[in-house]
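Summary of structural features
What follows is the residue order along each chain.
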Amino acid sequence: MQALYALALAPIAETLADRNSSYGFREGRRCADALEQCFKMLSRKNCALWALEGDIRACFDEISHEWLLEHVPTDKQMLSAWLKAGYWEKGQLFPTTAGTPQGGLISPLLSNFALDGLEQAVQGVAKREDKVNFARYADDFIVTGATRELLEQKVKPALTAFLKERGLELSEQKTVITHIQTGFDFLGHTVRKYEDKLVITPAKRKVQILREKISRLIQAALGLTQEALLCQLNPLLRGWANYYRNGVSKAPFVKVDYYVWCKLRRWITRRHSKKSLAWKKRKYFSAVKDKEVFSVRVHRGNGESRVLSLYLLGSTVIERHIKVRGIANPYDPCYTEYFEKRRCFAWRVRGTGRPALLIPVSPG
């Protein structure tokens, strides 16, 4: 039932959404668009020098039911039933007096209804020379400003007032103001300016988390075959590389590749402590012709065989993402061709060496 109501509400939410600042839980938009918006906001020489990293405390758990019932254009009785249904845990029913259904299909839409308008609230208290800009993905957002005092004395109170009406509040621990030359983390990336050059790289904390996952996975695979290990390791590496391939990621990718190689060398040594180095190379690094890469030839029951090799992050093509148009609406027939070309382009370019070029399509 929630899926049916979500299908009806999605075009309304898309029409009411902040055009150039909201990128979470919207069709045709993703994290890369929010990061590209950050790049546009901060890459110019005369851009703002300060950024407020915003985080809403327990966003999904604290949204006011009264506000949702008053402002969401849907059947009030059905919406109230979903909001007040509560949840069942360990044989006990817990009532819900605030927040949206956890894991519900309609919850992301309801959160966007509540948070859309933040951009206007922020820019409404600033002048053009204040260089106030806004970018949001779900409940994480960035606000830029010309001075620290502007963000503290004008922008932050405007955010607090906007959220209070909806039963929400900023997380004091996670909401901080930083200089762009110091840098800040947003959506797993570090955004930092070096003199006049803005650089967006994978956050060190995210790289460390990946390294820990790789270490645990390889340590737990001591008794597995090489094929089984690769089937677990490759999806992790490929998924991580695809997420970070739009930033300045080549150096972190190469470092992770070296870390994986060291862990695999230790894995091989523990399995074959008495074998020579030449034997280990023949067994584990010779399936790919003319390359020494961790690989194995897999034979199928029908007589066919293929080579399964380790995915190297360093081989990932670094692509500059092209941000979606702010006014583009996937539910507007004028933009059907535009979004279709974006989808086809993303599928075609991924994993190839072709440059990231997207031919714009004029609506209508």
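Here is a short report on the structure shown in this document. (Residues numbered from 1 in each chain as written. Predicted model: local features only at pLDDT ≥ 70, side-chain atom pairs only at ≥ 80, totals over all residues. Heavy atoms only, no water.)

1. Considerations on the pattern of salt bridges
Where side chains of opposite charge bring their charged atoms close, a pairing between them can arise. The line we're drawing: One speaks of a salt bridge when a side-chain nitrogen belonging to Lys or Arg is within 4 Å of a carboxyl oxygen belonging to Asp or Glu. Under the DSSP-based scheme used, a helix requires at least four consecutive residues in state H or I and a strand at least two consecutive residues in state E, with every element numbered from the N terminus. Only protein chains enter the accessibility calculation, which uses a 1.4 Å probe; a residue is then buried when its area is under 20% of its type maximum, exposed when over 50%, and partly exposed in between.
For the structure shown, the criterion picks out 11 salt bridges. The residue Arg-26 makes a salt bridge to Glu-14 at a minimum N-O spacing of 2.5 Å. Residue Arg-26 is found in the loop between helix 1 (2-16) and helix 2 (31-42), and its partner Glu-14 is found in helix 1; the two are separated by 12 residues along the sequence. Notably, a salt bridge pairs Arg-148 with Glu-152, separated by 3.1 Å at the nearest N-O pair. Note that Arg-148 and Glu-152 are positioned in helix 8 (residues 148-164) at a spacing of 4 residues, about one turn of the helix. Overall, the relative accessible area of 30% leaves Arg-148 in the partly exposed class. Assessed through its relative accessible area of 38%, Glu-152 is described here as partly exposed. Via salt bridges that share partners, Glu-14, Arg-26 and Arg-29 belong to a single interconnected network.

2. Here we look at the nonpolar core
The tendency in soluble globular proteins is for nonpolar side chains to be buried side by side. For clarity, the threshold we go by: Nonpolar cores are built from buried Ala, Val, Leu, Ile, Met, Phe, Trp, Tyr and Cys residues. Side-chain atoms within 4.5 Å join them into one set. For this analysis, residues touch if any pair of their heavy atoms sits within 4.5 Å.
In terms of nonpolar packing, the biggest core is built from 36 residues, with Phe-141, Val-143 and Leu-159 touching the most fellow members. A total of 6 residues in this core trace back to one element, the largest contributor, which is helix 8. For Leu-159, the contacting residues outside a window of four places in its chain are Leu-52, Leu-118, Val-122, Phe-141, Val-143 and Leu-170. Ranked by size, the runner-up nonpolar core spans 30 residues in total, among them Leu-210, Leu-217, Ile-218 and Tyr-244.

3. Brief notes about the pairing of strand 10 (residues 295-299)
On a regular strand, each side chain points to the face opposite its neighbour's, so the side chains alternate between the two faces of the sheet. What counts here: Two strands qualify as a pair provided DSSP detects at least 2 bridges between them.
Direction of pairing for strand 10 relative to strand 11 (residues 305-309): antiparallel, over a ladder of 5 bridges. Across the sheet, the residue bridging to His-299 is Ser-305, located in strand 11. Taken together, strand 10 and the strand that follows it, strand 11, pair antiparallel across an intervening segment of 5 residues, in which Gly-303 is found at a positive phi of about 95 degrees.

4. Quick look at a nonpolar patch on the surface
Cut-off, in case you're wondering: Patch membership is restricted to residues that have no salt bridge and whose relative accessible area is over 30%. Joining uses 9 Å for like charges and 5 Å for the nonpolar side chains Val, Leu, Ile, Met, Phe, Trp and Tyr. Areas reported as accessible are Shrake-Rupley estimates using a 1.4 Å probe. Residue values count occlusion only from the protein chains shown.
Nonpolar side chains collect at one region of the surface, where Met-1, Leu-4 and Leu-7 lie side by side and expose about 370 Å² of accessible area between them. Relative to the helices and strands, Leu-7 resides in helix 1.

5. A look at the sheet that holds strand 7 (residues 184-186)
For the record, the criterion: Axes here mean lines fitted to C-alpha atoms, for a helix over just the part in contact, with angles spanning 0 to 180 degrees between N-to-C directions.
Pairing within the open sheet is antiparallel, and its 3 strands lie in the order 7-8-9. In this open sheet, the two edge strands, each paired with only one partner strand, are strand 7 and strand 9 (197-202). The sheet shows a mean angle of 30 degrees between the axes of neighbouring strands, taken without regard to direction. Relative to strand 8 (residues 189-194), strand 7 runs antiparallel, the two sharing 3 bridges.

6. Side note on the sheet that holds strand 6 (residues 176-179)
With antiparallel pairing, the 4 strands of this open sheet are ordered in space as 4-5-1-6. The open sheet is flanked by strand 4 (133-137) and strand 6, the only strands paired with a single partner. Across the sheet, the mean angle from the axis of one strand to that of its neighbour is 20 degrees, orientation sign disregarded. Where strand 4 meets strand 5 (residues 140-145), 5 bridges bridge the pair, whose relative direction is antiparallel. Bridging from a neighbouring strand, Phe-134 pairs with Val-143 of strand 5.

7. Digging into the packing of aromatic side chains
Where we set the bar: Only the six-membered ring of Trp is used, alongside the rings of Phe and Tyr, when aromatic pairs are assigned; centres must lie within 6.5 Å, and planes under 30 degrees apart are stacked while those over 60 apart are edge-to-face, with the rest tilted. Consider the ring centre and the ring normal. A charge sits over the ring if Lys NZ or Arg CZ is within 6 Å of that centre and within 35 degrees of that normal.
A complete count under the given rule lists 13 aromatic pairs for this structure. Plain terms: the ring middles of Phe-25 and Phe-60 are 6.2 Å apart, the flat faces sit at 80 degrees to each other, and that makes the pair edge-to-face. Linking Phe-25 in the loop between helix 1 and helix 2 with Phe-60 in helix 3 (residues 59-62), this pair joins segments that are 35 residues apart in sequence. Since its relative accessible area comes to 22%, Phe-60 is described here as partly exposed. Geometrically, the ring pair formed by Trp-240 and Tyr-244 is tilted, given 4.5 Å between the ring centres and 40 degrees between the ring planes. Placement of the pair is Trp-240 and Tyr-244 together in helix 10 (residues 226-244), with a separation of 4 residues, close to one helical turn. Both residues of the pair, Trp-240 and Tyr-244, count as buried. Taken together through their ring pairs, the aromatic side chains of Trp-240, Tyr-243, Tyr-244 and Phe-253 make up a single cluster. The ring centre of Trp-279 lies 4.9 Å from the NZ or CZ of Lys-275, which sits over that ring. Note that Lys-283 overlies the ring of Tyr-284, its terminal NZ or CZ placed 5.6 Å from the centroid.

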